[in-house]
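Coordinates in review
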Amino acid sequence: MEYHLKSGDLSSQRTACLVLGVFTKRRLSDPAAAVDLATDGQLSDILKKGDMDGETGQSLMLYHVSGIQAERVLLIGLGEEKAFNLKGYLTAWGSAVKQLNESSVIEATNALSAIPLTSIELPQQLRESVITAEEQLYRFDQCKSKATPPKRPLKKLSLFIGEQKKTVAVVRSVSEGEAIANGIKLAKDLANLPGNICTPSYLAEQAKQLGKASSQLKVSVLEEKQMKALGMGSLLSVSRGSREPAKLIVMEYSGGKPKAKPVVLIGKGLTFDAGGISLKPAAAMDEMKYDMCGGASVIGAMAACVKLALPINLVVIVPSSENLPDGAANKPGDIVTSMSGQTIEILNTDAEGRLILCDALTYAERFKPAAVVDVATLTGACIIALGAHASGLLSNDDKLAAELLEAGNRATDRAWQLPLWDDYQEQLKSNFADMANIGGKGAGTITAACFLSRYADKYKWAHLDIAGTAWRSGDQKGATGRPVSLLSQFLLKRAGLVK
Ligand code: BES
Ligand code: MN
Ligand code: ZN
């Protein structure tokens, strides 16, 4: 998709379709009111006929509107004017893009982007506009023998910004949106691939490919032999039950000053989680191909960072394995020794995410990180707590937590903090090892994070549990690409490029 910024007079914009917004009770948004004036009240006349009153979800395509240069006008309902915010804007814009992509129009101009939003700056609005458009256009048909793309797909979108200035930040925001959308697409593609294609080796290969695209990005992959030499007994115990060799993917991007401490992102890369000997029930088990979404999201965030050539140092680590039942697999009661030296009693082999992440967290120490954020589809309990709307956030540093929450709010990719109080640590007591890998019935998301915290005490660390947000189930089944947006916003901010 090609994106352009347009400003000036709306009625003289030459375009196949002009997208305009209407609030409830047929109140025209300012850009729509300007067009109404230029067309001698044609828009209000049409609205008076009652075909549309501005409710969210409504739309109306108009032809032959005279007095303007646009061939068509697409009216989109924006809901209550008082409640209109970034989310409402993006919903409206997203539905417009979807309709246009399915119509014969291949080029359009968005005038919804000229409706100012309180407390959101224009660059943020534009960045999100691009991400939302790409979200609507996303298709995954790599595994279909015959793809069925739209007959006349959209090729060019103009974002109209009215009288507002095309400042450096405004112009840059469009390419930032494209880079982030690109990272989201990569994360979705990796995640949507089935477990028999997207194996740990495949993930490692994709990471290496990314490394070829930039001289600032170095990608290395640690093999099981090297992990053994490092003492990663916990990670390797998970992969022992699988015929696919585990990989530890390490991507090092140096865009910052040579001595500047890097941000380290760690993503759970479990390419299929059957639960191991503590086998999962059959229903919806296919969705456990998505257990590498954390890994995919940090690779996606790295791709965005590289594309934007951010002036920061960034390390991405993806421990990758399968979790399957097999004669060599972990058995309940087994005790393993992690790279940190701490021993773990594996009371449930399905709590494998923390077993691969703990060794990656220890490995991260060598980078002397400014901060470490791990991202993982870690607990079903997080879906019970927060559903599909927010990712769970836990941290040993309140400032880092606040930074990530703010990034999530701004990027409409929200997280919600849960406590990491010592009180919960007790649940991990083991009679036979330093700790158990499960914490019993209550507070499953917190006890999982408590487990990880024991490997993250050397640096500022936060954990994002994306079990509920990483993919959708049901007939809309598919990866969401979350939290690439949150992470990208966090990195842009660290790079000093956004507020
Ligand atoms: N990958 C799962 C978590 C998960 C389950 C994410 C369902 C999304 C949907 C993780 O490895 C797991 O199995 N966790 C267990 C932990 C339990 C055994 C303490 C869980 O949540 O049931
Ligand atoms: Mn599991
Ligand atoms: Zn898992």
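What you see is a predicted model; the values in this text were computed from it and never measured. (Residues numbered from 1 in each chain as written. Chains lettered and ligands numbered in written order. Predicted model: local features only at pLDDT ≥ 70, side-chain atom pairs only at ≥ 80, totals over all residues. Heavy atoms only, no water.)

**With respect to the overall build of the chain**
Counting its secondary structure elements, the chain contains 14 helices and 21 strands. For 499 residues, the compact-globule estimate of 2.2 N^0.38 gives 23 Å, and the C-alpha radius of gyration of the chain, at 24 Å, lies within 12% of that figure. If you line up the chain on its principal axes, its C-alpha atoms span 80 × 50 × 45 Å. Taking contacts inside the chain between residues at least 6 apart in sequence as the whole, the part at least 24 apart equals 77%. Here the chain has roughly 21,000 Å² of accessible surface; of this, 51% comes from carbon and sulfur atoms. Computed over 57 positive and 53 negative side-chain charges, the separation of the two mean positions in the chain equals 4 Å. (Helix = DSSP H or I, 4+ residues; strand = E, 2+ residues; numbered from the N terminus. Rg over C-alpha atoms; globule rule 2.2 N^0.38 Å. Contact = heavy atoms within 4.5 Å. Areas by Shrake-Rupley, 256 points an atom, 1.4 Å probe, with all protein chains shown as cover. Lys, Arg positive; Asp, Glu negative; His and termini not counted. Charge placed at Lys NZ, Arg CZ, Asp CG, Glu CD.)

**Remarks on the UniProt feature "domain: Rhodanese" (unreviewed entry) in the chain**
On the UniProt side, "domain: Rhodanese" (unreviewed entry) is annotated at positions that read residues 66-102 here. Secondary structure within residues 66-102 divides into 46% helix and 22% strand; the distance between the first and last C-alpha atoms comes to 25 Å. (UniProt positions renumbered as here; feature names shortened; annotations may be inferred.)

**What to know about the UniProt feature "active site" (unreviewed entry) in the chain**
Under the UniProt annotation, "active site" (unreviewed entry) lies at Lys280 and Arg354. Tracing the backbone shows Lys280 in the loop between strand E11 (269-273) and helix H9 (293-307). When neighbours within four sequence positions are excluded, Arg354 is seen to be in contact with Leu378, Thr379, Asn437, Ile438, Ala448, Phe451 and Leu452.

**Re the coordination of the zinc ion (ligand 3)**
Within the protein, the atoms that donate to the zinc ion (ligand 3) are Lys268 (NZ), Asp273 (OD), Asp291 (OD) and Glu352 (OE), at distances of 2.0 to 2.4 Å. One way to put it: the 6 donor atoms around the zinc ion (ligand 3) meet at angles of 78 to 177°, and that makes the site octahedral. Taken in chain order, the donor set of the zinc ion (ligand 3) reads K-x4-D-x17-D-x60-E. Here the zinc ion (ligand 3) and the manganese ion (ligand 2) are spaced 3.1 Å apart, linked through Asp273, which binds each one. Residue Lys268 is located in the loop between strand E10 (263-267) and E11, and its partner Glu352 is located in the loop between strand E14 (343-346) and helix H10 (353-364); the two are separated by 84 residues in the primary sequence. Both residues of the pair, Lys268 and Glu352, belong to the buried class. (Donors = N, O, S within 2.8 Å, 3.2 Å for Na, K, Ca; no water. Tetrahedral: all angles 85-135°; square planar, octahedral: opposite > 155°, others 65-115°. Buried < 20%, exposed > 50% of the residue type's maximum accessible area, 1.4 Å probe, protein only.)

**Structural notes on the site of ligand 1**
What surrounds ligand 1 is a group of 17 residues, the closest being Lys280, Asp291, Asp350, Glu352 and Gly380. One nitrogen or oxygen atom from the side chain of Asp273 is found 2.9 Å from an oxygen atom belonging to ligand 1. The contact in question runs from an oxygen atom of ligand 1 to an N or O atom on the side chain of Lys280, over 2.8 Å. When its residues are assigned to classes, the shell around ligand 1 shows 6 nonpolar, 4 polar and 7 charged. (Near = heavy atom within 4 Å. Polar contact = N/O pair within 3.5 Å; in protein donor to acceptor, adjacent residues only side chain to side chain. Nonpolar A, V, L, I, M, F, W, Y, C, P; charged D, E, K, R; others polar.)

**Describing the domain arrangement of the chain**
Here the chain is described as being made up of domain 1 (2-138 + 146-160) and domain 2 (183-494). Centre-to-centre separation of domain 1 and domain 2, based on C-alpha positions: 39 Å. Contacts between the two partners involve 9 residues from domain 1, matched on the other side by 13 residues from domain 2. When domain 1 packs against domain 2, close to 880 Å² is buried across both sides, 42% of that on carbon and sulfur atoms. Considering only the side of domain 1, the residues that lose the most area to domain 2 are Gln124, Glu135 and Tyr138, jointly responsible for 53% of the buried surface there. Here domain 1 and domain 2 share 3 salt bridges between them. Close ionic contact of Glu135 with Arg472 constitutes a salt bridge, the shortest N to O distance being 3.4 Å. Linking domain 1 with domain 2 are 8 residue pairs in polar contact (both at pLDDT 80 or more). (Domains from an automatic or database assignment. Buried area = accessible area lost by both parts, 1.4 Å probe. Salt bridge = Lys/Arg side-chain N within 4 Å of Asp/Glu carboxyl O.)

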